[in-house]
Amino acid sequence: SVRQCWGNSIWNNIKFSILFIICFKNLSITIPPFQFLSHSLMLNWFLIHARLGQKFAIAFGGITLFLTISSVLAIISMTFLTKNVEEIYDNNLVPITVLSDLERVLQQKRVLTRDIVLHDDSLTAIQTAARIRAYHNTTDSLVTLYKSLISSAEERLAFEEFMPVLLAYRESRDKIMDLVFA
């Protein structure tokens, strides 16, 4: 019974496949966009004469070819992306590090300036003032280093806008230090 059912199922699939091929051929004759299908020897061979194993092999080969091409294109894209990241890293790492150090030094000077005003002890205030003056040299060296690393017009403009502000900040801080020691 199972064998008969299985046999009938296979026979029904074969009948359906033949009916589909006949209808598809008739469709390709009547509709011009499908006309190339009736003349294609490869498609006729594939639909009619190819064994199931050959059909699977061709389908698997097509999918494998598609995945291979997609993978190669992805690898090429990743190579270009890696080159761009390396260029950004090589060109901008040192300036970003210098700016980060400069920001840290300026923040430390702000904190020390606040502390110098709040100190009750004149000795501690003098020591804090010495630390602030030591940070002057660090700030000057970082500014000089960054000036040599500027690579674009926007950076140069921002640097030129920053320098007067830095000098004005120094003058204000020096006045605060003079008032503390007066």
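Thresholds applied
- Residues numbered from 1 in each chain as written.
- Predicted model: local features only at pLDDT ≥ 70, side-chain atom pairs only at ≥ 80, totals over all residues.
- Heavy atoms only, no water.
- Axes fitted to C-alpha atoms, helices over the stretch in contact; angles between N-to-C directions.
- Helix = DSSP H or I, 4+ residues; strand = E, 2+ residues; numbered from the N terminus.
- Parallel < 35°, antiparallel > 145°, perpendicular 65-115°, else oblique.
- Left-handed = near helix turned anticlockwise from the far one by under 90°.
- Nonpolar A, V, L, I, M, F, W, Y, C, P; charged D, E, K, R; others polar.
- pLDDT = per-residue confidence, 0-100.
- Contact = heavy atoms within 4.5 Å.

**Student:** Got a minute to help me understand the packing of helix α4 (residues 52-118) against helix α5 (residues 122-149) in this structure?
**Tutor:** For any two helices packed against each other, one specifies the crossing angle of their axes together with the interaxial distance. Interaxial distance between α4 and α5 falls to 9 Å at its minimum, and their mutual angle equals 160°. Taken together, α4 and α5 sit at an angle that is classed as roughly antiparallel. In this structure, α4 crosses over α5, and the sense of that crossing is left-handed. Residues that form the contact of α4 with α5 fall into these classes: 18 nonpolar, six polar and three charged.

**Student:** Would you take a moment to explain the confidence of the model for the protein for this structure?
**Tutor:** In low-pLDDT regions, the fine details of the predicted coordinates are not to be read closely. Put simply, the protein has an average pLDDT of 76, and 74% of its residues get 70 or more. Per-residue pLDDT stays below 50 along residues 26-31; that stretch engages in five contacts with residues further than four places along the chain or on separate chains.

**Student:** Which parts of the structure should I look at to understand the environment of Tyr169?
**Tutor:** Here Tyr169 shows up in helix α6 (residues 153-181). The spatial distance from the C-alpha of Tyr169 to the C-alpha of Arg110 is 9.7 Å, given a sequence separation of 59 residues.

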